[in-house]
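Summary of the model geometry
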Amino acid sequence: DAGVIQSPRHEVTEMGQEVTLRCKPISGHDYLFWYRQTMMRGLELLIYFNNNVPIDDSGMPEDRFSAKMPNASFSTLKIQPSEPRDSAVYFCASSYGTPRNEQFFGPGTRLTVL
Amino acid sequence: GQQVMQIPQYQHVQEGEDFTTYCNSSTTLSNIQWYKQRPGGHPVFLIQLVKSGEVKKQKRLTFQFGEAKKNSSLHITATQTTDVGTYFCAGPYLANNRLAFGKGNQVVVIP
């Protein structure tokens, strides 16, 4: 298995631009999570899906952030418009069975907003 | 709120020495998970502990779950440069049905 796949690995953009991060979970996993990691705030859960349905989006910072999961093998996290404070590493993770089980993380997308 | 706290946040360890990192919860946990993130990498699952007082070993790593299931520890013996990274604990909370990650213990190994 290829593991969780994320793209792009690095993204540099200017303030105000739209950014779309992509994730392919491990085949067969029914939970997908989006995290943001910064030095100041550590690893924060933004949103998670179960069987493609958003379950908890309480961690989404504000309306500029949106996430979708159109099918079991693909999810996107969109930031529009982006701001410098959005600069962080964004991880996607997946798990099977319950949201409390072992999570498999993707390699992350390092986002820099200038 | 419900969270897991990790202490210390940073550690400098001399190669060859032992060290321990701790994880504490404000509430009882059904299980505790440990992850390791290498510099520039992503968190990787190490182990899960479920039973009260449980102890598990992975080579030089010893994981322990407290009797009250509110704390856990990771002890590493004879530290090697490959042990460098950030160690996270994570506990599931029934209230919101998801894992809560601690802020991690960043370990630097001094050769």
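To start, this report covers the structure provided alongside it. Because the structure is predicted, anything quoted here is derived from the model rather than measured. (Residues numbered from 1 in each chain as written. Chains lettered and ligands numbered in written order. Predicted model: local features only at pLDDT ≥ 70, side-chain atom pairs only at ≥ 80, totals over all residues. Heavy atoms only, no water.)

Before going further, it helps to spend a moment on the pairing of strand β11 (residues 105-110) of chain B. Residues and elements named next belong to chain B. The side-chain alternation of β11 yields one buried face, formed by Asn105, Val107 and Val109, and one unburied face, formed by Gln106, Val108 and Ile110. Both strand β2 (residues 10-14) and β11 contribute to a ladder of 5 bridges, which runs parallel. From the neighbouring strand, Gln11 faces β11, where its bridge partner is Val107. For strand β9 (residues 85-93) and β11, the ladder comprises 3 bridges, and the chain directions are antiparallel. For Tyr87, the partnering residue across the bridge sits in β11 and is Asn105. (Buried < 20%, exposed > 50% of the residue type's maximum accessible area, 1.4 Å probe, protein only. Helix = DSSP H or I, 4+ residues; strand = E, 2+ residues; numbered from the N terminus. Pairing = 2+ DSSP bridges.)

With that settled, the discussion passes to the sheet that holds strand β8 (residues 71-76) of chain B. Residues and elements named next belong to chain B. As summarised here, the arrangement of the 5 strands in space is β1-β3-β8-β7-β6, forming an open sheet in which the pairing is antiparallel. The strands lining the two open edges of the sheet, one partner per strand, are β1 (4-7) and β6 (55-58). The sheet shows a mean angle of 15° between the axes of neighbouring strands, direction not considered. Bridge analysis of β1 against strand β3 (residues 19-25) gives 4 bridges, and the strand direction is antiparallel. (Axes fitted to C-alpha atoms, helices over the stretch in contact; angles between N-to-C directions.)

Further remarks concern the interface of chain A and chain B. Residue-level contacts link 18 residues of chain A with 18 residues of chain B. Here chain A and chain B share an interface that buries about 1,600 Å² over both sides, 52% of which is from carbon and sulfur atoms. If you look at where chain A meets chain B, you find 0 salt bridges. At the surface where chain A touches chain B, the tally comes to 4 residue pairs in polar contact (both at pLDDT 80 or more). Put simply, the parts of the chain that give the side of chain A that touches chain B at least two residues each are β4 (31-38) and β5 (42-50) of chain A. Among the elements that make up the side of chain A that touches chain B, the one with the highest residue count is β5(A) (3 residues). (Contact = heavy atoms within 4.5 Å. Buried area = accessible area lost by both parts, 1.4 Å probe. Salt bridge = Lys/Arg side-chain N within 4 Å of Asp/Glu carboxyl O. Polar contact = N/O pair within 3.5 Å; in protein donor to acceptor, adjacent residues only side chain to side chain.)

Take the environment of B:Phe65 next. Note that B:Phe65 resides in strand β7 (residues 61-65). When its relative accessible area of 1% is taken as the criterion, B:Phe65 is described as buried.

Between two aromatic rings, the relevant description is the distance of the centres plus the angle of the planes. Counted by the stated rule, this structure contains 14 aromatic pairs over all chains. Seen from their ring centres, B:Tyr35 and B:Phe45 are 5.6 Å apart, and the 75° between their planes marks the pair as edge-to-face. Residue B:Tyr35 is located in strand β4 (residues 32-37), and its partner B:Phe45 is located in strand β5 (residues 44-49); the two are separated by 10 residues in the primary sequence. Ring pairs connect the aromatic residues A:Tyr31, A:Phe33, A:Tyr35, A:Tyr48, A:Phe91, A:Phe105, B:Tyr35, B:Phe45, B:Phe88 and B:Phe101, which therefore count as one cluster. (Phe/Tyr/Trp six-rings, centres within 6.5 Å; stacked < 30°, edge-to-face > 60°.)

Below, the discussion takes up the pairing of β5(A). Residue and element names in this part refer to chain A. For β5, a buried count of 9 out of 9 residues is recorded, marking the element as mostly surrounded by other parts of the structure. Where β4 and β5 come together, 8 bridges link them in antiparallel fashion. Bridged to Leu32 within β5 is Phe49. Linking two consecutive strands that pair antiparallel, namely β4 and β5, is a turn of 3 residues. Two strands pair when backbone bridges link them, and β5 and strand β6 (residues 53-56) are joined in this way by 3 bridges, in the antiparallel orientation. Paired with Asn50 across the strands is Val53, a residue of β6. In sequence, β5 turns back onto β6 through a hairpin of 2 residues, with Asn51 there showing a positive phi of about 50°.

All names here are of chain A. Overall, the coordinates contain 10 salt bridges over all chains when judged by the stated rule. Note that Glu18 and Lys78 form a salt bridge whose closest N and O atoms lie 3.8 Å from each other. Placement of Glu18 in the loop between β2 (10-13) and β3 (19-24) and of Lys78 in strand β8 (residues 74-79) is noted, with a sequence separation of 60 residues between them. Overall, the relative accessible area of 31% leaves Lys78 in the partly exposed class. Between Arg36 and Glu44 there is a salt bridge, and its shortest N-O distance comes to 3.2 Å. Summarising the burial analysis for this pair, Arg36 and Glu44 share the class buried. Among the charged side chains, a network of salt bridges with common partners joins Glu62, Arg64, Glu83, Arg85 and Asp86.

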